Amino acid sequence: LRELERSTQLGLAQGLEEIWESIRRLQADCQSLESRVRDVPSTDRLWEAEKLQQQRLDDRLGAQDNFLKEHRLKLESCDAWHQALKKRCDVLEQRAWEQQAASSEVIEAVRSAAACEKEVQQKRVGTMETKLSGLESKFEFIGSQAMQQMEEQAQTNRNAQKVSAQKLEAQARLLAQLETQLDNECKHNSEKFQ
């Protein structure tokens, strides 16, 4: 009888030892998952990253805005230069008429030169406006791409947090089941010994 009791106790002890080993492995897995969850960026970190990304985008937008302002100023200065040139041409034309030193050919040449200069300036202004509109479209494209990337990154982070939470819940349920099963086996074994 004593040998039977000892063999039963040894079998029980080995079974309990296996259960304890399983519980230890589950605890190690839970700790590993908790450390992974801690490593996942929090909402505050995401918010800070998004804020930083927004600041960078604002800086880029500001730089582009300054660049566009400079080009507009150049266009305006071209217009002012064009107006000054027109005034000079008008003054020269006036002098020519007043002095009557130039013939009609000279007057026509001055008018032709003024018209050519005006045409050249208009072409320059048109070219700069075309370049400006191209820069504006590039600027809009860059802004939309940056916003899309930020939204995609935020969605990816939210999905990763959901998956981590689901894994933790599943492990918690499994641990609870194992504890219940262990309690039941312990009760069952203690009832056998009584």
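Residues numbered from 1 in each chain as written. Predicted model: local features only at pLDDT ≥ 70, side-chain atom pairs only at ≥ 80, totals over all residues. Heavy atoms only, no water.

S.K.: Quick question: what am I supposed to make of the overall build of the protein chain here?
M.R.: Scanning the protein chain from terminus to terminus reveals three helices and zero strands. In sequence order, the protein chain lays out its α and β elements as α-α-α. Taking all 194 residues of the protein chain together, the buried fraction comes to 12%. Considering only residue pairs separated by 6 or more positions, the protein chain has 89% of its internal contacts joining residues 24 or more positions apart. Carbon and sulfur atoms make up 52% of the accessible area of the protein chain, which totals about 15600 Å². (Helix = DSSP H or I, 4+ residues; strand = E, 2+ residues; numbered from the N terminus. Buried < 20%, exposed > 50% of the residue type's maximum accessible area, 1.4 Å probe, protein only. Contact = heavy atoms within 4.5 Å. Areas by Shrake-Rupley, 256 points an atom, 1.4 Å probe, with all protein chains shown as cover.)

S.K.: Honestly, the confidence of the model for the protein chain in this entry has me stumped. Any pointers?
M.R.: Parts of the prediction with low pLDDT should not have their coordinates interpreted in detail. Taken residue by residue, the protein chain gives an average pLDDT of 78. The fraction at 70 or more is 78%. Averaged pLDDT values over the elements of the protein chain bottom out at 67 in helix 1 (residues 2-39) and peak at 86 in helix 3 (residues 104-193). (pLDDT = per-residue confidence, 0-100.)

S.K.: Got a minute to help me understand the layout of surface pockets in this structure?
M.R.: Empty space among the atoms can be located by rolling a probe the size of a water molecule over them. Approximately 180 Å³ is the volume found for the largest pocket. What lines the largest pocket is a set of 11 residues, among which Lys86, Cys89, Asp90, Arg111 and Ala114 lie closest to the centre. When contributions to the lining of the largest pocket are tallied by element, the ones reaching two or more residues are helix 2 (43-99) and helix 3. It is helix 2 that provides the largest number of residues to the lining of the largest pocket, a total of six residues. Per-class residue counts for the lining of the largest pocket are four nonpolar, one polar and six charged. (1 Å grid on protein atoms, 1.4 Å probe; cavity = no way out; pocket = protein on both sides within 12 Å on 5 of 7 lines; lining within 4 Å. Points joined across faces, edges and corners; volume = space filled by probe spheres on them. Nonpolar A, V, L, I, M, F, W, Y, C, P; charged D, E, K, R; others polar.)

S.K.: What is the right way to read the pattern of salt bridges from this model?
M.R.: Any two side chains of opposite charge can pair, on the condition that their charged atoms come close. Enumeration according to the criterion identifies one salt bridge in this entry. A salt bridge links Glu119 to Lys123, with the nearest nitrogen and oxygen atoms 3.7 Å apart. Of this pair, Glu119 and Lys123 both sit in helix 3, separated by four residues, roughly a single helical turn. (Salt bridge = Lys/Arg side-chain N within 4 Å of Asp/Glu carboxyl O.)

S.K.: What is the right way to read the environment of Arg56 from this model?
M.R.: With respect to the helices, strands and loops of the structure, Arg56 is situated in helix 2. Measuring from C-alpha to C-alpha, the distance between Arg56 and Ala146 comes to 9.9 Å, with 90 residues separating the pair along the chain.

S.K.: Can you walk me through the environment of Ala115 in this structure?
M.R.: Within the secondary structure, Ala115 sits in helix 3. In sequence terms Ala115 and Cys89 are 26 residues apart; their C-alpha atoms lie 9.8 Å from each other.

S.K.: Hey, could you run me through the environment of Glu93 in this one?
M.R.: Within the secondary structure, Glu93 sits in helix 2. Looking at Glu93, the relative accessible area reads 22%, which means it is partly exposed. Taking the C-alpha atoms as reference points, Glu93 and Val110, separated by 17 residues in sequence, lie 7.3 Å from one another.

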